[in-house]
Amino acid sequence: MLAKIKEFLGIEAKPEELASKEEVEKVAEEKAKPRIGYVHLSGCTGDVMSLSENYDILAELLTNMVEIVYGQTLADVWEMPEMDLVLVEGSVCLQDEHSVKELMEAREKAGLLVAFGSCASTGCFTRYSRGGQQANPNHESFVPVGDLVKVDCALPGCPPSPEIIAKTVVAVINGDMDYLQPMIDLAGYTEAGGSDLQYKVVNQALCIGCGTCAMACQTRALDMTNGRPELNEDRCVKCGICYVQCPRSWWPAEQINKDLGL
Amino acid sequence: MVLGTYKQITLGRSTDKQIQKISQDGGIVTALLTFALDEKIIDGAVVAGPSEEMWKPTPTVALSSDEVMAAAGTKYTISPNNMVLKQAVRQYGLEKVGIVTIPCQTMGIRKMQSYPFGVRFLADKIALDIGICCTENFPFESLKTFISAKAGVDFELVEKMDIGKGKFWVKTQDDLISFPIKETHGYEQNGCKVCLDLVSELSDISTGSIGAPDDWSAVQVRTDKGETVFKQAVDAGAIELKPIDEGKFGLEMLTKLAKSKKEKAMKEIDRRKAMGLPVPYKGSSEKEDPLANV
Ligand SMILES: Cc1cc2nc3c(=O)[nH]c(=O)nc-3n(C[C@H](O)[C@H](O)[C@H](O)COP(=O)(O)OP(=O)(O)OC[C@H]3O[C@@H](n4cnc5c(N)ncnc54)[C@H](O)[C@@H]3O)c2cc1C
Ligand code: SF4
Ligand code: SF4
Ligand code: SF4
């Protein structure tokens with residue numbers, strides 16, 4: 001995985017495999033402006049809206065740094081081209097042929113596939129779907145994209161904050177693999193919910209009652225009772241953010257010291 | 001390095017008589033937060049405020065010096081201060097939030113600032129994090145046991161609790177009762193047993209009583225932000241300083257206790273890892289400095 005991302009970032013170009021100088025230049029030119037795609041499956045568009053809230057870096061990003069080569073409303077193309085990176089928003093509905101096909105094709109045509117937002121990475125609130133609804137009662141099973149294809153990194157959040165998107169973009173541009181490591185690790189976190197706090201923190205003798213989970217929850221599904229998180233299942237959308245933000249789930253010490261200048 | 005990175009270490013206390021009276025140690029926390037409020041360095045502060053139940057704190061957004069003062073003093077039980085941060089920003093509309101945190105809460109805030117996955121427009125609004133020392137914390141029921149069973153006093157009558165000189169102290173209007181801190185063992189929360197941070201290594205300014213004489217605090221100034229605020233507060237006369245004793249009852253003691261907390265936690269971390277239990281920190285064999293908070 002690391003090697004693949006490094007390749008995407010051009011950190012590990014392999015000039016010896018290339019026949020001529022022209023080809024090297026061609027590769028360098030292509031590398032200079034990564035080709036990005038956006039695949040919109042069963043998500044609410046919140047993720048792309050959060051992305052677009054990065055007004056300060058967005059113009060520069062879209063005009064000079066990346067090329068958007070695929071995406072509804074973002075690029076005027078029907079055929080999916082080869083892409084360096086594809087952002088997938090939304091979970092995938094197993095009964096929706098088009099979604100499944102588009103996801104599979106994206107995996108084939110993209111160097112890196114990012115599960116963008118909680119619906120794509122954990123299934124989020126689409127986990128509650130049981131079919132039988134209007135429009136298409138047959139659309140019953142919505143799963144995180146990682147259930148069908150290999151995900152290279154995940155950016156959970158309902159939606160991911162504009163800041164984490166900006167920080168990730170900056171890390172990608174700088175080739176800061178240390179910063180991106182948690183996103184690579186989170187690709188495996190596909191079954192999420194507020195009960196993770198009980199299973200993976202409280203039950204493991206790790207909770208210290210700091211309240212970060214309750215602060216992070218976007219739906220106010222969490223309260224703190226006697227120093228421990230208490231979940232209101234009815235409000236939980238299974239985004240996984242409480243567990244992701246908990247200081248006792250994973251601990252990015254080096255990054256924090258760097259950010260604080262300590 | 002067992003005390004983390006700091007720019008300055010000193011003894012300090014509030015110059016305000018009222019704060020001196022109500023605060024736990026040197027009143028550094030209350031002095032800094034009220035000063036920062038008055039100077040508009042922050043427009044509100046998250047503190048462990050009083051609740052309907054005596055000695056059971058509730059995380060509170062304080063907007064005035066009076067509200068900060070009402071939260072002075074240590075409550076030896078869990079106050080999930082981080083939980084109201086979002087409220088402070090969204091509901092109270094604060095742009096510059098101050099907060100007092102024990103080390104593990106500081107860690108939650110710093111992780112959120114470095115990786116704000118689902119937390120939107122909050123990371124940059126934390127203007128000041130004052131960390132307090134912490135050896136361990138207790139569930140509320142444990143605290144009740146200490147007071148009623150071990151000290152044998154009515155909860156309502158307690159004026160102050162303190163841990164120091166190897167003892168747990170309970171002060172009432174006419175009594176000062178103590179019992180050995182050893183007797184609190186087994187009552188602390190379990191998550192504390194893997195905690196590697198005594199002094200809030202990641203806060204802007206941290207303070208505690210270890211290494212300081214009575215009614216003074218030991219203070220570590222850590223970040224650039226912390227340095228600016230601390231200097232302003234000292235220059236304005238809100239806080240007075242004196243050098244910390246380098247010897248047995250000063251810096252040496254603080255270093256010794258920080259180190260022993262880390263060594264104890266590392267033993268527990270290694271033990272849990274050997275059993276296959278999850279711990280977010282590295283085992284001793286996985287890191288260069290076996291006592292680093294990583
Ligand atoms: C659980 C706990 C354990 C501690 N253990 C040690 C120790 O081993 N060694 C040591 O030197 N110091 C320890 N302290 C810190 C010490 O008791 C004082 O709080 C600290 O020195 C600050 O004193 P002060 O006079 O500057 O604060 P004050 O001006 O009295 O203000 C204290 C501040 O702490 C906040 N606070 C009180 N209780 C809590 C709580 N439970 N959680 C979060 N915030 C709270 C209040 O909101 C208030 O703003 C501990 C504190 C706590 C909460
Ligand atoms: S964030 Fe984690 S450690 Fe903190 S209260 Fe929630 S579950 Fe406990
Ligand atoms: S409790 Fe809140 S943060 Fe946690 S998974 Fe549920 S909705 Fe998300
Ligand atoms: S010992 Fe550590 S984990 Fe426990 S309350 Fe104190 S700072 Fe938090």
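Residues numbered from 1 in each chain as written. Chains lettered and ligands numbered in written order. Predicted model: local features only at pLDDT ≥ 70, side-chain atom pairs only at ≥ 80, totals over all residues. Heavy atoms only, no water.

### Some words on the interface of chain A and chain B
Facing the 55 residues of chain A at the interface are 47 residues of chain B. Surface buried jointly by chain A and chain B totals about 4,200 Å² across both partners, of which 62% is contributed by carbon and sulfur atoms. Looking at the side of chain A facing chain B, the largest losses of area belong to Met-215, Trp-251 and Leu-262 of chain A, adding up to 19% of the total buried there. Counting the contacts that link chain A with chain B gives two salt bridges. Glu-254 of chain A is paired through a salt bridge with Lys-282 of chain B; the nearest N and O atoms lie 3.5 Å apart. Here chain A and chain B share 28 residue pairs in polar contact (both at pLDDT 80 or more) between them. Counting residues per element, the ones that place at least two in the side of chain A that touches chain B are strand E7 (153-155), helix H7 (162-174), helix H8 (177-186), helix H10 (212-216), strand E8 (222-225), helix H11 (241-245) and helix H12 (253-260) of chain A. Considering every element that reaches the side of chain A that touches chain B, the biggest residue donor is H12 of chain A, with seven residues. (Contact = heavy atoms within 4.5 Å. Buried area = accessible area lost by both parts, 1.4 Å probe. Salt bridge = Lys/Arg side-chain N within 4 Å of Asp/Glu carboxyl O. Polar contact = N/O pair within 3.5 Å; in protein donor to acceptor, adjacent residues only side chain to side chain. Helix = DSSP H or I, 4+ residues; strand = E, 2+ residues; numbered from the N terminus.)

### Topic: the pattern of salt bridges
When charged atoms on two side chains of opposite charge get close, those side chains can pair. Per the stated rule, a full pass over the model turns up 21 salt bridges over all chains. Asp-152 of chain A is the salt-bridge partner of Arg-107 of chain A, the closest N and O atoms lying 3.2 Å from each other. Remark: Asp-152 of chain A occurs in the loop between strand E6 (142-143) and E7 and Arg-107 of chain A occurs in helix H5 (residues 97-109); sequence separation between them is 45 residues. You can call Arg-107 of chain A buried: its relative accessible area is 16%. For Asp-152 of chain A, a relative accessible area of 1% gives the class buried. The shortest N-O distance in the salt bridge between Asp-235 of chain B and Lys-231 of chain B comes to 3.0 Å. (Buried < 20%, exposed > 50% of the residue type's maximum accessible area, 1.4 Å probe, protein only.)

### Some words on the sheet that holds E7 of chain A
All names here are of chain A. An order of E2-E1-E3-E5-E7 is seen for the five strands of this open sheet, with the pairing classed as parallel. With one partner strand each, in any of the chains shown, strand E2 (67-71) and E7 form the two edges of the open sheet. Direction aside, the axes of adjacent strands within the sheet are offset by 25° on average. In the sheet, strand E1 (residues 35-40) pairs with E2 via four bridges, with the strands oriented parallel. By the bridge assignment, Gly-37 is partnered in E2 with Tyr-70. (Pairing = 2+ DSSP bridges. Axes fitted to C-alpha atoms, helices over the stretch in contact; angles between N-to-C directions.)

### Looking at empty space enclosed by the protein
Residue and element names in this part refer to chain A. If you walk through the whole model with that rule in mind, you get three cavities of 30 Å³ or more. What the largest cavity holds in volume is close to 100 Å³. Lining of the largest cavity is provided by 15 residues; of these, Val-201, Cys-207, Cys-210, Cys-213 and Cys-246 occupy positions nearest its centre. Of all the elements, helix H9 (residues 195-202) adds the most residues to the lining of the largest cavity, at three residues. Among the residues making up the lining of the largest cavity, the classes are represented as twelve nonpolar, two polar and one charged. (1 Å grid on protein atoms, 1.4 Å probe; cavity = no way out; pocket = protein on both sides within 12 Å on 5 of 7 lines; lining within 4 Å. Points joined across faces, edges and corners; volume = space filled by probe spheres on them. Nonpolar A, V, L, I, M, F, W, Y, C, P; charged D, E, K, R; others polar.)

### Brief notes about the domain arrangement of chain A
Interfaces are often described in size by the accessible area the parts lose on coming together. Residue and element names in this part refer to chain A. Assigned domains of chain A: these are domain 1 (32-188) and domain 2 (195-260). The distance between the C-alpha centroids of domain 1 and domain 2 comes to 24 Å. At the junction of the two partners, domain 1 supplies 15 residues and domain 2 supplies twelve residues. When the two sides are added together, the surface that domain 1 and domain 2 hide from each other amounts to roughly 970 Å², 60% of it contributed by carbon and sulfur. The interface formed by domain 1 and domain 2 contains one salt bridge. Of the charged contacts in the structure, one is a salt bridge between Lys-258 and Asp-176, with a shortest N-O distance of 3.7 Å. Run the count over domain 1 and domain 2 and you get four residue pairs in polar contact (both at pLDDT 80 or more). Among the elements of the structure, helix H6 (118-122) and H8 are those that each provide at least two residues to the side of domain 1 that touches domain 2. (Domains from an automatic or database assignment.)

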